[in-house]
Every structure is written in C-alpha cells, then in structure tokens.
Amino acid sequence: RAAPALHPTAHLRAETCAKIIGLIAACGLRLSEVTGLQRQDVDLESSCLHIRYGKFGKARLVPLHATTRNALRDYVRQRDRDPRCLDADAFFMFDRGRAAGTRQVHYAFKTIRKALLARPCGGHSRYRLHDLRHTFVCRRIERWYQRGVAIDSKILALSTYIGHVSPADTYWYVTATPRLLSLA
C-alpha cells in the first residue's frame, strides 16, 4: 500500500516496486531472481516463471497462483503503455525504459518500510526485503504442521521451489520463528 507514494508518483517506478515486492512475498523468490527476469521468462498463459539464474547458477520453474498471475498481467498492461519499455528484454522496468535493478529496489523498500508501524520479530531492528522470503517459507511449513502433513514428504518440493541446494537448507527455517519451532 505504501509503494504508490514513491516518487515520482505518476510513473512506473512505484508500480514496479509494488509488483516486485509482492512477487517476492507471494513466491518466496530472491530479489536478484525477480530483477533478473526477462520477458521470455514470464509465461502468464502457463502461470509459470523461469528462473534462469538462481543462487549457485541453478535454474528452476516457479508456478504462479492465479492471483499473482493476474497482478503480473495488470503490470504488463501498465508497463507496456510506456513506449520506451516495449523493446526492453527485462520484465520489470522503471521510468524512461530502464530495467529495475536490485539496488534501486532496496532503496525503494527502505523508503516504503517507514510506513510499516509494527516492529519485526527476531533480532533485526527493521524489516528487510529478504524477510518476505523467510516469511513465505515459514508460513508454508506452519500450514503443513497445522494440517498434519508429514513435513519430510514435502520439504524436497519446497526446497526445489525456493531454489535451495538441499532440503537441509530449508529445514533451517524450522528454527526461524518461535511459533514454527513450537509446532515442530
């Protein structure tokens, strides 16, 4: 909700930042994976992202929920109204036909987080963009515990979805929050 206040307010930067932050929260992606997306990597007909350059150079396919796909469709319509964006390879664009970069998105998030009134959990004094990825994973595991799902049978799929090298990296999240640790 705070992204539309980013300056300049009548330009693409605010919408791009809102969609990037939303995509990180909805899919648990890394910022570099989102800003690295090219137009050809976003298949809105199949509701799928192709992450070509994940951590350690790993590529993967990430399915999208229908609401996420629809939000990206809306973004494409808005982005493509700017003729300077039409010939760009990058999926996420800023004003004047510039591709969105991680540094600029971090700066925008720093501005946006001032609107967040709640303090973050854990040992950090302020929200970090990467916290959205952590929250995505923790909430998924919490839901599985609440439903009585055998975590060991699902963790490989979650690990692959978020681009971890091994499930051991994903199991680390079980200790990430007191609530999740108590469920475990």
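Just above sits the structure.
Predicted model, so just to flag it, every value in this text is computed and none were measured.

1. Focus: helix α1 (residues 12–27)
Between its terminal C-alpha atoms α1 stretches 22 Å, which fits the 22 Å expected from 16 residues at 1.5 Å a residue. A large share of α1 lies buried, amounting to 12 of its 16 residues. Listed in full, the buried residues belonging to α1 are Leu 12, Arg 13, Ala 14, Glu 15, Thr 16, Cys 17, Lys 19, Ile 20, Ile 21, Leu 23, Ile 24 and Cys 27. Looking at the residues trailing α1, positive phi occurs at Gly 28, about 70°.

2. A word on the packing of α1 against helix α4 (residues 102–112)
Geometrically, a packed helix pair is captured by the angle between its two axes and the distance between the axes. Two elements in contact, α1 and α4, have axes separated by 10 Å at closest approach and are oriented at 90°. Judged on the interaxial angle alone, α4 and α1 are roughly perpendicular. Residues Arg 13, Cys 17, Ile 20 and Ile 21 of α1 form the contact with α4, whose participating residues are Val 105, Tyr 107, Ala 108, Phe 109 and Ile 112. Here the residues of the contact of α1 with α4 are counted per class, giving eight nonpolar, no polar and one charged.

3. Digging into the pattern of salt bridges
Inspection of the entire model under this criterion finds 11 salt bridges. We note a salt bridge from Asp 131 to Arg 128, for which the minimum N-O separation is 2.5 Å. A residue is classified by how much of its surface remains accessible, and Arg 128, at 32% relative accessible area, is partly exposed. Across the pair Glu 142 and Arg 139 runs a salt bridge whose closest N-O atoms are separated by 4.0 Å. On the criterion of helical spacing, the pair formed by Glu 142 and Arg 139 is a turn pair, its members being three residues apart in helix α5 (residues 131–147). For Arg 139, a relative accessible area of 46% corresponds to the partly exposed category. Where salt bridges share partners, they join Arg 30, Glu 33 and Arg 60 into one cluster.

4. Description of the packing of α5 against helix α6 (residues 151–162)
At their nearest, the axes of α5 and α6 sit 11 Å apart, and the two run at 160° to each other. Accordingly, the angle class assigned to the pair α5 and α6 is roughly antiparallel. The element α5 and its partner α6 pack so that their crossing is right-handed. Packed against α5, whose contacting residues are Arg 133, Phe 136, Val 137, Arg 140, Ile 141, Trp 144 and Tyr 145, the element α6 presents Ile 151, Lys 154, Ile 155, Leu 158, Tyr 161 and Ile 162 at the interface. Within the contact of α5 with α6, the residues separate by chemical class into 10 nonpolar, no polar and three charged.

5. Thoughts on the packing of aromatic side chains
According to the stated counting rule, one finds four aromatic pairs in the structure shown. Taken together, a centroid distance of 5.8 Å and an interplanar angle of 45° make the contact between Tyr 75 and Phe 91 tilted. In this pair, Tyr 75 sits in helix α3 (residues 66–79) while Phe 91 sits in the loop between α3 and α4, placing the two residues 16 residues apart along the sequence. Assessed through its relative accessible area of 0%, Tyr 75 is described here as buried. Taking the relative accessible area as the measure of exposure, Phe 91 reaches 4% and is therefore buried. Linked through ring pairs, Tyr 75, Phe 91 and Phe 92 together constitute an aromatic cluster. A cation sits over an aromatic face here: Arg 79 above Phe 91, 4.9 Å from the ring centre.

The rules behind each value
- Each chain has its residues counted from 1, running along the sequence as written.
- In view of the model being predicted, local features appear only for residues whose pLDDT reaches at least 70, and side-chain atom pairs are presented and counted only at 80 or more, with totals across whole chains, interfaces and linings using the full set of residues.
- Working from all heavy atoms in the structure, the side-chain values ignore hydrogens and water.
- Put simply, DSSP H or I for four residues or longer makes a helix, DSSP E for two residues or longer makes a strand, and each gets a number counted from the N terminus.
- The length a helix should cover is 1.5 Å for every residue beyond the first.
- Throughout this description, buried means an accessible area under 20% of the type-specific maximum (1.4 Å probe, protein chains only), exposed means over 50%, and partly exposed covers the range between.
- Angles shown run from 0 to 180 degrees and are taken between the N-to-C directions of axes, each axis being a line fitted to C-alpha atoms and, for helices, limited to the stretch in contact.
- To sort the angles, those under 35 degrees are grouped as roughly parallel, those over 145 as roughly antiparallel, those from 65 to 115 as roughly perpendicular, and the leftovers as oblique.
- Pairs of residues are marked as contacts when any of their non-hydrogen atoms sit within 4.5 Å.
- Residues are sorted three ways: Asp, Glu, Lys and Arg are charged, Ala, Val, Leu, Ile, Met, Phe, Trp, Tyr, Cys and Pro are nonpolar, and all the rest, Gly among them, are polar.
- Each salt bridge in this description consists of a side-chain nitrogen of Lys or Arg and a carboxyl oxygen of Asp or Glu lying within 4 Å of one another.
- By convention, the crossing between two helices is left-handed when the near helix turns anticlockwise from the far helix through less than a right angle, and right-handed when the turn is clockwise.
- Two aromatic rings from Phe, Tyr or Trp, using only the six-membered ring of Trp, form a pair when their centres are within 6.5 Å; if the ring planes differ by under 30 degrees the pair is stacked, by over 60 it is edge-to-face, and anything between is tilted.
- As a reminder, the over-ring test applies to NZ of lysine and CZ of arginine, requiring each to be within 6 Å of the ring centre and within 35 degrees of the ring normal.

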